[in-house]
Structure formats: structure tokens, C-alpha cells
Amino acid sequence: MKQIVFLLLISMTFYSCKKSKVVGLITDNAMVVSAREEASKIGTDILKQGGNVFDAMIATDLALAVCYPYAGNIGGGGFMVYRLKDGSIGALDYREKAPKLATKDMYLDSLGNVIPDLSTKGGLAVGVPGTIAGLFEVHKKFGSLPIEMIMEPVIDLASRGYVVTKKDQDVLDEKRQDFLEVNTSPILFSKDWKAKDTIKQPNLANTLKAIMKDGRDAFYKGEIAETLATFIQANGGIITVEDLANYEAVWRTPITFKYDDLNIISMSPPSSGGICLAQIMKQIEPFQLDEFGHNSLKSVQVITEAERRAYADRSFYLGDPDFVSIPQEELISIDYLSNRMADFSFYKATPSTEISHGKVEIIESNETTHYSIVDHFGNAIAVTTTLNSGFGSKLYSQELGFFLNNEMDDFSSKPGAPNVYGLIGAEANAILPEKRMLSSMTPTIIEKNDKLYMTLGTPGGSTIITSVLQTILNVHEYKMSMQEAVNAPRFHHQWLPDEIRMEPNSFSSELINQLEAKGYKINQENAPVLGKVDGILILENGQLEGGADPRGDDTAVGF
């Protein structure tokens, strides 16, 4: 944690001094920005071999499953937003689903109270994984290279191993006791790994070889499916081979909206990202943020109050669109949102108790991962993928070589009770068999003057939406480079708890005092990192600038 704060302080110093503009990697043709250099390099190599953005997506995603098991995965799921060179757009939902045997009250005791850890650790926390289905759906529709060509470098990485970084060591140390508690015997990742050690994963390599040979059916209908279902059930879970066989990724229509001269394309439900981002940006659009100044008192107030109102709506209205009716158009309409901000005042905070829809709080894991890719053909994707918490449920299949998610916690275990991220949910996100759980993941692509302008996203649980928002504003309103926009200090409000989370040692005491004087509660203790944004900005001359977040080991690679 000290290292993270130190890196942030370095980046803030660069940002605040403004002696020279801090710029990320610049390339002419193509770029991958992800949480790990190994994954960004494998994705870029696929592009160099003539692959398109979707081929690179598959390679990058699977490489993250190898070298970033904290959040990269084949035991979880995610969302992808794309824009083709001809301007056509779309989205893929490969979010996990509840098993058929799931029930609304499966995490409650006889008195109706949430049983601690049941939805976050072990077999019962696991949702039906969607990653492999999503990647093969992408390959079927858009892939240009043979799957063998895409997967062989990833299998090689699993076999030869990846080098542990200091940040890897820190999170492994932090989670080691959880690994030992959840699993019946020590696992590969419960060893005392140190920075510069090499972790080889032969069992994961074998799993990937089987998937390369037999495709998605190897995971959902073959030996892997049988092994996986048996393993989960032996550890208290309820996923069956039938659940795996029935899983399908779903193509969705992205959320699109205007902000000034930008056209924003973001993820639709069951992600709350696109709708919440639209609500916040449309509420703040009438205000002159560029004149107020970056992270000024007025800018923080306006953004905070818009966030507060959007998250209140999120908790009540949003869920899996295949199960609940979402008033999508109304929620992002100008009339509705103008009314939402009608009681905003620069003189004092609006207490969350006065903002409907409320009686619920939002909790969602911070430990997701995002990557952005632009290829040399002009196609772009934004992908956010997750196990939910760091290393998911902490349940690890030694035989298959991967961790399993704990996405069931993203449902409302009990409407009105907060999840692990403090997010409160209502009936719209209640547990039902085969339903997808609500998410804050916000992979986003932006057009300017009908041309590709930006692709970005971040991990961060409930802070994802606000981190994506502030990064966009940093570029658009405050004219920062992509790297400066990513480096800049961030803050977050999610309706409940009623507080502004601010990155520590990043905001002046004068600003904090001014906010507190107006009735805002400030929390700098529980907000060491708000997202790890990875993005690509298309410059006026057509070159690409990568923004890789210094809060992690994130790296941009391109050519």
C-alpha cells in the first residue's frame, strides 16, 4: 500500500508542477493497454502478425488469466464494447449467471439475516463462468486468425511462467490466509512467493490446450466441465454440468449518448455503467466545469451531487434486462435528469437521505481488470473482466489451474443490505436462477466528430463509473494528455454511504475544509486507490497515446 501511495504522489507531483506535459506511450498504428506488460505484449504481437482487435482481445484476455490471476480469469466473466472502423458499434455480455439451483434467500439464515462470507468465499459464491464463452463468441463473429495462433503464446506463458512483481507479492501475502481457509489443502498461490520469483502453471497450460483443441465446448461440455462441476459441489457450491452446458454469452446494444461534441458508447445492463455514466454526464453538462477548474470546489460539488443521484437510481432500477424491465430511456432523458438536479445548491450538500430512490447501499468488488485495444485497421474495443473480489471466491482448482469467481455477491443477497463494496441493491437485482448479477463495469468508447477518439475503462467496483467519468472529463474539459488524465487524483460518491471518498494525500486541506464546511463528509482512509484506468486517446495527427495507470503494474505496448 505504501508503494501505491508513493507512486501516486510521484504522479501527482508531475501533474501539479506542470513544467512539462506528462505523455504516455505514443505509437502510429496500434496499441494494447492492460494490467500487465506480458498481456499487452502478447496482444500487440497478435496485431503485428496481422490479427485484428478481436484476435488481440482473446490473446490479451487469456494472457491476463495467466499472469494476473488476481482479476484476469477463465473462471469469471466480463463485458466488451466495440467500434469497427466503419463506425458500427456493439457490445458483448459474458457476465456470469446464477446456477439453476440458486434461490433468492440462499445467503440468509433462519432469521433472514445475511450469513457472513457465504456469498464471498468458497463454492456457494461462484456464478457460472462466462469468459471462455465470450471469447469464442468474439472469435466466431469477428476473429481473423486461427485460434491456435492466438492461444499458443498464452499457453507458452503459462508453461514457462511469469515473474512476480512487488505488487503481486503484496496481494498474495494479503490473501494467503484466505487461500488456506477456503481450500482443503495448500494451493500453488498460497506458497510464500517473493518479487522476482517465477510462477509456472502447467495445469492451467493443459486446460488452455484442451480449450484450444476442442473450443468452448471443452470448457462447458467436456471433461473440464465435469471436473469443474464436481469440484465446485465438493466445496459447497451448486453449479452443475447442466449450468455450464446451458451458458451463452449475449450480444447487447450499447448505451449511447451525447456530451458536448462527444458521442459516448458504453456498456448496457446488466452493467449499470453506461446508464449511470449517462446520468452523471448529462446532469453536469449544463455547468461550466472547464471554468470552475480541475478538482476545484465547484467542480467537486457538481460531480458529487450528480453521482449521488445516479447511484440512488442504480440501486433501485437496474438489474438483468432479461429478467426485469428497466426504464432506460427515461433514466437518461434530459427532462428527468434536469429535475433530479433541480434541488442542487452550491451552498450546501444534499443529504443522501433526501434523495430517492434510497433505502439501499451499493457494495461491489474493486478487484476487476480492464484493457483497451486499437488495431491498425481502425477498430477499437474496451473490455472489463473480473472474478469480483481479488482472486474471486479464493477457491482454486489445482487440477484445472484457475480461481473461481465470487460474483454471486453482486446480487442483492437481501434487498437493502450492502454487498462487499457497500453497494445496496433492491428487488431488481435479487437472486434468481440463470439471472445475471448487476455490475458497475463501464468499458467505454468515445467518438469526436464522428471519428474514434478514446477507449477506456477501469477496475474499482462501485468506483469504476466515477473513475471513467473523471478520466473523460480530464481529457475533454481540462485538456490533459491521456496519461495525465489517468494519473490525476480521483474522488467518488455512491449515494450510500453518504461520503466523498478521496485518494489520500492527493487533495489540498483547503479543499477538504471547504467541502466539510458545506456539509460533505470526507473519507480518505478507505480510498487508497480509486480505479486503475487504462485508456487510449487518438491524437489530432492520428497517432495513439496510451494511458497506463501507475497505481498498478499497468503497461501500454504498441507499434
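Residues numbered from 1 in each chain as written. Predicted model: local features only at pLDDT ≥ 70, side-chain atom pairs only at ≥ 80, totals over all residues. Heavy atoms only, no water.

Undergrad: Requested: an account of the overall build of the chain, with residues and values cited.
TA: The number of helices and strands found in the chain is 18 helices and 21 strands. Its C-alpha atoms give the chain a radius of gyration of 22 Å, within 12% of the compact-globule value 24 Å for 559 residues. Projecting the C-alpha coordinates of the chain onto the three principal axes gives extents of approximately 60 × 60 × 45 Å. In the chain, which comprises 559 residues, the share counted as buried stands at 66%. Accessible surface computed for the chain: about 19500 Å², of which carbon and sulfur atoms make up 51%. The positive charge centre, built from 52 side chains, and the negative charge centre, built from 72, are 2 Å apart in the chain. (Helix = DSSP H or I, 4+ residues; strand = E, 2+ residues; numbered from the N terminus. Rg over C-alpha atoms; globule rule 2.2 N^0.38 Å. Buried < 20%, exposed > 50% of the residue type's maximum accessible area, 1.4 Å probe, protein only. Areas by Shrake-Rupley, 256 points an atom, 1.4 Å probe, with all protein chains shown as cover. Lys, Arg positive; Asp, Glu negative; His and termini not counted. Charge placed at Lys NZ, Arg CZ, Asp CG, Glu CD.)

Undergrad: Describe in detail the UniProt feature "binding site: L-glutamate" (unreviewed entry) in the chain, supporting the description with residues and values.
TA: Mapped onto this structure's residue numbering, the UniProt feature "binding site: L-glutamate" (unreviewed entry) falls at Arg95, Thr386, Leu387, Asn388, Asp410, Ser439, Ser440 and Gly461. Secondary-structure assignment places arginine 95 in the loop between strand E4 (89-94) and helix H4 (131-142). We classify arginine 95 as buried; its relative accessible area is 0%. Ignoring anything within four residues of it in the chain, the contact list for arginine 95 reads Gly78, Phe79, Tyr247, Thr386, Glu407, Asp410, Arg436, Met437, Leu438, Ser439 and Met441. Inspection of the secondary structure puts leucine 387 in the loop between strand E11 (380-386) and strand E12 (396-397). (UniProt positions renumbered as here; feature names shortened; annotations may be inferred. Contact = heavy atoms within 4.5 Å.)

Undergrad: Please give an account of the sheet that holds E4 that cites residues and values.
TA: If you trace the seven strands from one edge of the open sheet to the other, you get E7-E4-E3-E11-E10-E2-E21, paired in antiparallel fashion. Only two strands of the sheet have a single partner each, and these edge strands are strand E7 (250-252) and strand E21 (555-558). Here the average twist between neighbouring strands, direction ignored, is 15 degrees. Across seven bridges, the pairing between strand E10 (residues 368-374) and E11 is antiparallel. Residue pairing across strands places histidine 370 opposite threonine 384, the latter belonging to E11. Running over the sheet, helix H2 (residues 37-48) touches strand E2 (31-34), E10 and E21 and is turned about 160 degrees from E2. Of the strands in this sheet, E2, strand E3 (77-83), E4, E10 and E11 touch helix H3 (residues 53-67), which is tilted by about 155 degrees from E10. (Pairing = 2+ DSSP bridges. Axes fitted to C-alpha atoms, helices over the stretch in contact; angles between N-to-C directions.)

Undergrad: I'd like to hear about the pairing of strand E9 (residues 262-266), residue by residue, with values.
TA: The buried count for E9 comes to five of five residues, which makes it a mostly enclosed element. Looking at chain direction, strand E8 (residues 255-259) and E9 are connected through five bridges and run antiparallel. The residue bridging lysine 258 from the neighbouring strand is asparagine 263, located in E9. Inspection of the sheet shows E9 paired to strand E14 (residues 444-448) by five bridges, in the antiparallel sense.

Undergrad: Tell me about the UniProt feature "active site" (unreviewed entry) in the chain, and name the residues and values.
TA: Those residues carrying the UniProt feature "active site" (unreviewed entry) are Thr368 in this numbering. With respect to the element layout, threonine 368 can be found in strand E10. Using a relative accessible area of 5% as the deciding quantity, one classes threonine 368 as buried. Dropping the residues within four chain positions of it, threonine 368 is found in contact with Ala71, Thr384, Thr385, Thr386, Asn388, Met441 and Pro459. A distance of 3.0 Å separates the side chain of threonine 368 from the side chain of threonine 386, its partner in a polar contact. (Polar contact = N/O pair within 3.5 Å; in protein donor to acceptor, adjacent residues only side chain to side chain.)

Undergrad: Lay out the nonpolar core in plain terms, naming residues and giving numbers.
TA: Met57, Met80, Phe189 and Ile381 are the most contacted members of the largest nonpolar core, which has 85 residues in total. Here this core gets twelve residues from one element, more than from any other, and that element is H3. Once residues lying within four places of it in the same chain are set aside, the contact partners of methionine 80 are Phe54, Met57, Gly90, Ala91, Leu92, Tyr94, Val138, Trp251, Met267, Ile381, Ala382 and Val383. Formed by 82 residues, the second largest nonpolar core is a distinct cluster that contains Ile326, Met341, Phe344 and Ile536. (Core = buried A, V, L, I, M, F, W, Y, C linked by side-chain atoms within 4.5 Å.)

Undergrad: Lay out unusual backbone geometry with the relevant residues and their values.
TA: Proline 269 connects to proline 270 through a cis peptide bond whose omega is 20 degrees. Mapped onto the secondary structure, proline 270 falls in the loop between E9 and helix H11 (273-284). Geometrically, the link from leucine 496 to proline 497 is a cis peptide bond, its omega value of -5 degrees lying close to zero. Within the fold, proline 497 resides in the loop between strand E16 (491-492) and strand E17 (500-502). In this structure, asparagine 449 is a non-glycine residue whose phi angle is positive, near 55 degrees. Examined against the element boundaries, asparagine 449 turns out to sit in the loop between E14 and strand E15 (451-457). Under the relative-accessibility criterion, asparagine 449 is labelled exposed at 57%. Backbone geometry at asparagine 505 places phi at a positive 60 degrees, although glycine is not the residue there. Positionally, asparagine 505 belongs in the loop between E17 and helix H18 (509-517). Taking relative accessible area as the criterion, asparagine 505 reaches 53% and is therefore assigned exposed.

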